[in-house]
Structure formats: structure tokens, C-alpha cells
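# Structure at a glance
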Amino acid sequence: MKHKTIFITALVLLAIVFAGGIQIYRSQKAEETARTAAKNKEALVRVHSPTIGKANAPVHIVEFFDPACGTCAAFYPLVKQLMAAHPDDIRLTVRYAPFHPGSDEVVKALEASRKQGKYWQALESLLAAQPAWVQNHHAHADLAWPYLARVGLDTELLKSDMQSPDIARLIAQDLEDAKTLNVTQTPEYFVNGRPLPSFGSEQLRNLVEEELVATSKGKAG
Amino acid sequence: MSGGSRTLDGASTQPAQRNAGWVLVFAAWLLATISTLGALFLSEVMGVAPCSLCWYQRVFMFPLVLVLAAGLFPQDRKVVRYALPLAAAGWLIALFHLLLTRGLIPESLTPCMQGIPCSRVEMEWFGFVTIPLLSLLSFSAIGLALAGAHYKTRQ
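Overview of the structure. Residue indices follow the written sequence of each chain, beginning from 1 at its first position. Chain A is the first chain written and ligand 1 is the first ligand written, with later ones labelled in order. The model is predicted, so local features are restricted to residues of pLDDT at least 70 and side-chain atom pairs to those at 80 or more, both for listing and for counting; the totals for chains, interfaces and linings are taken over all residues.

## Overview of the overall build of chain B
- Here a strand is any run of E in DSSP of at least two residues, a helix any run of H or I of at least four, and the numbering for each starts at the N terminus. What chain B contains, in helices and strands, is four helices and zero strands.
- For chain B, the α and β elements follow one another from N to C terminus as α-α-α-α.
- Here the analysis covers contacts within chain B between residues at least 6 apart in sequence; of these, 74% occur between residues at least 24 apart. Contacts here follow a simple rule: the backbone-placed C-beta atoms of the two residues must lie within 7 Å.

Here's what the structure looks like:
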């Protein structure tokens, strides 16, 4: 029937335009982010940021991270898994983008835990207990203390160390860099300066694999 | 009513008018679908968070896609009666939203005090085309097409 043909044609055309539009928009956006990251290399990595992995690892993941962000917590095991699979080849740097209200206080405590040499333990403990201290998208630092004490941190010392102006400056710098790099959501990953083509765990895994292949070829050649 | 029963799809109307009626409902469906996809593109792909007034407009726009499609197969002239109230409600909210962004209604009257302020203009094309304007135009065109379909198939 003629009407049905018109309707189905319209439906198919709309679907094609919509899907095509998504593809074009995403690839343009990713290119733009990569260009911004290339232009602002110093904004991507700062010496003050906590980093784990071998210093000469060829693949460098920079993560803009909010300890109160549920997706950040969900993605953390994946990043760890990738690093465990390639222990010599991947390095991770954590940059802060505490977008949740109250999250900056938790970041301060986290930064203070570096002084006691238990940063990564503190980070993992906080992420594992996230539902206990993040309620209705609000981070409550006062509820997070038990989970920091659990990994053997002196919480009284943390409370005084976290007031350091250096930590406040570090967070301000990270937020400014996030702005420069157009980071509006967490987690945002840059793998050797390349952003994810679109958000997703598969995309992160692929990007890391691509960079692993690209850098090992570079070494061989 | 001139008395006498009439079948669901208005069997007593002329085939040419019936066809014109179908085309008008189809045009309304097309507008609603384009608007829906556009709204989804803005929020899901471009990451523009909809304010509360936007959500109310979506509440009336999204169902039009399904309601109007249901009225096309088989052709049901009564679909206008079910779709027009949705279009009218959406139109009113779009008008309110547009006046708000143009500063013709003071901010204090807005229902959205928290979260994303509705008075903020997120996107602007050619210096005057904004999301609320597109919404108002779309609801207007849908309303006109439905009214046209109603008169074409009326006996």
C-alpha cells in the first residue's frame, strides 16, 4: 500500500539521519577534544598528580576523576584489570574533577592520605564504600572517615593535613585544567592524549589496546 | 451531527479528502518524530541537560509519535481528538518557555528554581532560533496539520 511505503521510507530515512548524525557529532567531538589535549599538553599532566605504574610505561592513562562519581567507581576495576594485564606498559595518573557537592572535601582527605603513604588503599576503600558516604549525589566527608581509618590511616592527622593550602591549590589547578580540556563529565580518560571516541568500557579497552599495539610497534621499528 | 452512524475511518468522506487527511496526520507525525529525535539528540548525544519546562514539553511531544502513528494505520480520523490536546498543552508550555527566555516573564514566576534554570539559553542558531522557539513552531505546525486533517475528513 502506498501509505505504508511512505511511512516506512520516512522511518528508515529518519533512523539513518539520526544514526549518521550521532556518528558525525561524536567523531567531530573526539577530534576536537584530541586537538584541545594536544594544544594543552601541560594541562593534561601535572607533576603534582598521583600516578601509579612504571615511569617509562609507553601507555599513559590520565583519568579525570571524582571519588563521589558512581561511574568512576564502576570503571576503576576495569582500569586496574588493564594495568594488571600489562604491568610494565600502563601508567595511570589521577586528576580531580570533584563535580559532586561535597566531593572536594573527600578529595582533600584523599590527597592528605598521600602523606601517610596509603593513597591507593584509601582510594580503593572509598570507592568500595561509596554508597555509604555518597547520598543523593552529595558526598559526605564525615561519613567517609571510617573507611579511611579502615586502611590504617590516622584520621586525626588526615583532618589537619587536608587543610594544607597546597592541596587546595592542587584541586583548583585540576579543576582549571578540566575546564581547559573541556572535561564536563567524569570519568574522562585520555590515553596518550587521546580521548575516548564515545563513552564506554569497551571503548576504553579498545583505545588502550590500540595504544599498546601502536607503541610496541614504535619500539620494534 | 446530521444523524446516522458513521464508520470508524469516516467511510462517507471522499477518497481524495481521505487521502489529504492522511497526509496531514502523517505530516504531524513526521514533525513530532523529528522533534523527538532532535530533543533526544540534544540531551543524549550532545549532553545538554533538559530543564524542567523542557521535560514538560517532552511529556507532550514524545507520545504524539506513537499516538499519531497508531492513527495512520488503519487511518482513523478520530486520532485528531486524542492528539490535539497533547499538542495544545505542549504549545502552551513552549510559549511560556519562549517568553521566559526572552525575558518577557520574570524569572521569579518560573517553576524551576533548582537545577537547570529554564531561562538560560543553551543553544542559539542564527542569533534568534532557540530550542523553545523550535518547540513552539513544531507544536504550532502539528496543531495546524491536525486541525487541517479534522476539517478535511469532516463531513
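## Let's talk about the interface of chain A and chain B
- With ten residues of chain A in contact, the opposing surface of chain B contributes ten residues.
- A breakdown of the residues in the side of chain A that touches chain B according to their chemical character gives seven nonpolar, two polar and one charged. In the scheme used here, Gly and all other residues not listed as nonpolar or charged are polar, with Ala, Val, Leu, Ile, Met, Phe, Trp, Tyr, Cys and Pro taken as nonpolar and Asp, Glu, Lys and Arg as charged.

## Observations concerning the sheet that holds strand β2 (residues 59–65) of chain A
Residues and elements named next belong to chain A.
- The pairing criterion for strands is at least two bridges between them, as found by DSSP. Pairing is mixed in the open sheet, where five strands are placed in the order β1-β3-β2-β6-β7. Strands with a single pairing partner mark the edges of an open sheet, and in this sheet they are β1 (51–52) and β7 (194–195).
- In this structure, β1 lies alongside strand β3 (residues 90–96), joined through two bridges in antiparallel fashion. Paired with I52 across the bridge in β3 is L92.

## Description of the environment of W22 of chain B
- Its place among the elements puts W22 of chain B in helix α1 (residues 15–45).
- By C-beta crowding, W22 of chain B is classed as buried, having 23 other C-beta atoms within 10 Å.
- Along the primary structure W22 of chain B and D76 of chain B are separated by 54 residues, whereas in three dimensions their C-alpha atoms are 8.6 Å apart.
- With residues up to four places along the chain from it excluded, the contact list for W22 of chain B reads H3 of chain A together with L72 and Q75 of chain B. Here a residue counts as buried when 20 or more other C-beta atoms sit within 10 Å of its C-beta, as exposed when there are 12 or fewer, and as partly exposed otherwise, the C-beta atoms being derived from the backbone.

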